[in-house]
Amino acid sequence: MDSDRDISSDHEDGNERKTNISDHEDAGNERKTNISRHMSESSIAATEDEDDDAERKIDLGPQFTLKEQLEKDKDDESLRKWKEQLLGSIDMSSVGETLEPEVKFLSLAIKSEGREDMILPVPETGNPNGLWFTLKEGCRYRLMFTFQVNHNIVSGLKYTNTVWKTGLKVDSTKEMIGTFSPQAEPYTHEMPEDTTPSGLFARGTYSARTKFVDDDKKSYLDINYTFDIRKDWL
């Protein structure tokens, strides 16, 4: 009888152990379900946040004239040095007290090895009349812009250029140029080297649109023009 009780007790202990294992598995499954649910919800939230970020406009706070910016925190040594580094040897008498920067593009130069630079004046108003320039097929070239900044700092100046041929878009370029403080001397910015297409179907007349905008989406130049790619330079 004692033996029977021992067997029965052992059997019951086994059932208890099975129950404990089963409870542990259930708890584990519940944790897995919770983790899975948490990950799923996090993924959805991340997607929503990304969508919000794409549409959200950053509030940069109130604008200040350059003189006001220089006066702010003038007792902070580190900020003063940073502003001096950014502005350089600026003539404060020529800064003015205008909130908006003025960026004026003076010329576009097309540089190609073995040839004199092709200097193209930028029209102050409207678009260039007729054919603006001609490039040789298969040639390597660089674009260089000359521009002047007045009144205030221009932040995040960007270049965009779109090219069409017979109504079809054939090229699109975007490049960050940088942030610039006002100064008496013009700035120059040289683009990376590029190569014109070559071959019979590459030759002909192209139309293009060039824009320069800043971080606030303010446009400083927006021109439409035409140019040719030919078998040889003119």
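Since we're looking at a predicted model, the values are computed, not measured.

1. With respect to the side chain of Glu 137
Now for step 1: With respect to the secondary-structure elements, Glu 137 resides in the loop between β3 (131-136) and β4 (140-150).
Now for step 2: The exposure class of Glu 137 is buried, given its relative accessible area of 13%.
Now for step 3: Side chain to side chain, Glu 137 and Arg 203 meet in a polar contact 3.1 Å long.
Now for step 4: Those residues within four positions of Glu 137 in sequence are excluded, and the remaining contacts are Thr 196, Pro 197, Ser 198, Gly 199, Arg 203, Ile 229, Arg 230 and Lys 231.

2. Topic: a negative patch on the surface
Now for step 1: The grouping of Glu 113, Asp 171, Glu 193 and Asp 194 at the surface amounts to a negative patch.
Now for step 2: Tracing the chain through its elements places Glu 113 in the loop between β1 (102-111) and β2 (118-121).
Now for step 3: What makes Glu 113 exposed here is its relative accessible area of 82%.

3. Some details on the nonpolar core
Now for step 1: Counting residues in each nonpolar core, the largest one holds 34 residues, and the members touching the most others are Phe 105, Phe 147 and Leu 157.
Now for step 2: Secondary-structure elements contributing two or more residues to this core are β1, β3, β4, β5 (154-165), β6 (168-180), β9 (204-213) and β10 (219-230).
Now for step 3: Contacts of Phe 147, omitting those with residues within four sequence positions, involve Val 103, Lys 104, Phe 105, Leu 106, Leu 157, Ile 177, Phe 180, Pro 186, Tyr 187 and His 189.

4. Overview of unusual backbone geometry
Now for step 1: In this model, His 151 sits at a positive phi of 75 degrees, which is unusual for a non-glycine residue.
Now for step 2: Tracing the backbone shows His 151 in the loop between β4 and β5.
Now for step 3: Here His 151 falls in the partly exposed class, since its relative accessible area comes to 26%.
Now for step 4: Positive phi is not limited to glycine here, since Thr 166 has a value of about 50 degrees.

5. A few points about the sheet that holds β10
Now for step 1: Read across the open sheet, the five strands follow the order β3-β10-β9-β5-β6; overall the sheet is mixed. The open sheet terminates on both sides in strands that have one partner only, identified here as β3 and β6. The mean inter-strand angle of the sheet, taken between neighbouring strand axes irrespective of direction, is 25 degrees.
Now for step 2: Here β5 runs beside β6; their pairing, made up of ten bridges, is antiparallel. Bridge pairing in β6 links Leu 157 to Gly 178.

Rules behind the numbers
Within each chain, residue numbers correspond to sequence positions counted from 1 in written order. pLDDT decides what is reported in this predicted model: residues at 70 or higher carry local features, side-chain atom pairs at 80 or more are listed and counted, and totals for whole chains, interfaces and linings draw on all residues regardless. Values reported for side chains reflect all heavy atoms of the structure, with hydrogen atoms and water molecules removed beforehand. In DSSP terms, a helix is any run of H or I states spanning at least four residues, a strand is any run of E spanning at least two, and both are numbered starting from the N terminus. Here's how the labels work: a residue is buried when its accessible area is under 20% of the maximum for its type, exposed when over 50%, partly exposed in between, all with a 1.4 Å probe on protein chains only. For the purposes of these results, a polar contact is taken to be a pair of N or O atoms within 3.5 Å, where, inside protein, one atom must be able to donate a hydrogen and its partner to accept one; residues adjacent in sequence count only when each atom of the pair is a side-chain atom. Note on definitions: a residue-residue contact is assigned when non-hydrogen atoms from the two residues lie within 4.5 Å. Residues form patches when they are more than 30% accessible in relative terms and have no salt bridge. Like charges link within 9 Å. Nonpolar side chains (Val, Leu, Ile, Met, Phe, Trp, Tyr) link within 5 Å. All accessible-area figures derive from a Shrake-Rupley calculation using a 1.4 Å probe, and residue coverage is judged against the displayed protein chains alone. We define a salt bridge as a contact between a side-chain nitrogen of Lys or Arg and a carboxyl oxygen of Asp or Glu at a distance within 4 Å. The sign given to each residue is positive for Lys and Arg and negative for Asp and Glu; His and the chain ends receive no count. Every charge is mapped to an atom, namely NZ of Lys, CZ of Arg, CG of Asp or CD of Glu. As used here, the term nonpolar core means buried Ala, Val, Leu, Ile, Met, Phe, Trp, Tyr and Cys residues forming a set that is joined through side-chain atoms within 4.5 Å. Two strands pair if DSSP finds at least two bridges between them. A fitted line through C-alpha atoms serves as each axis, taken over the contacting stretch for helices, and the angle formed by two N-to-C directions is quoted from 0 to 180°.

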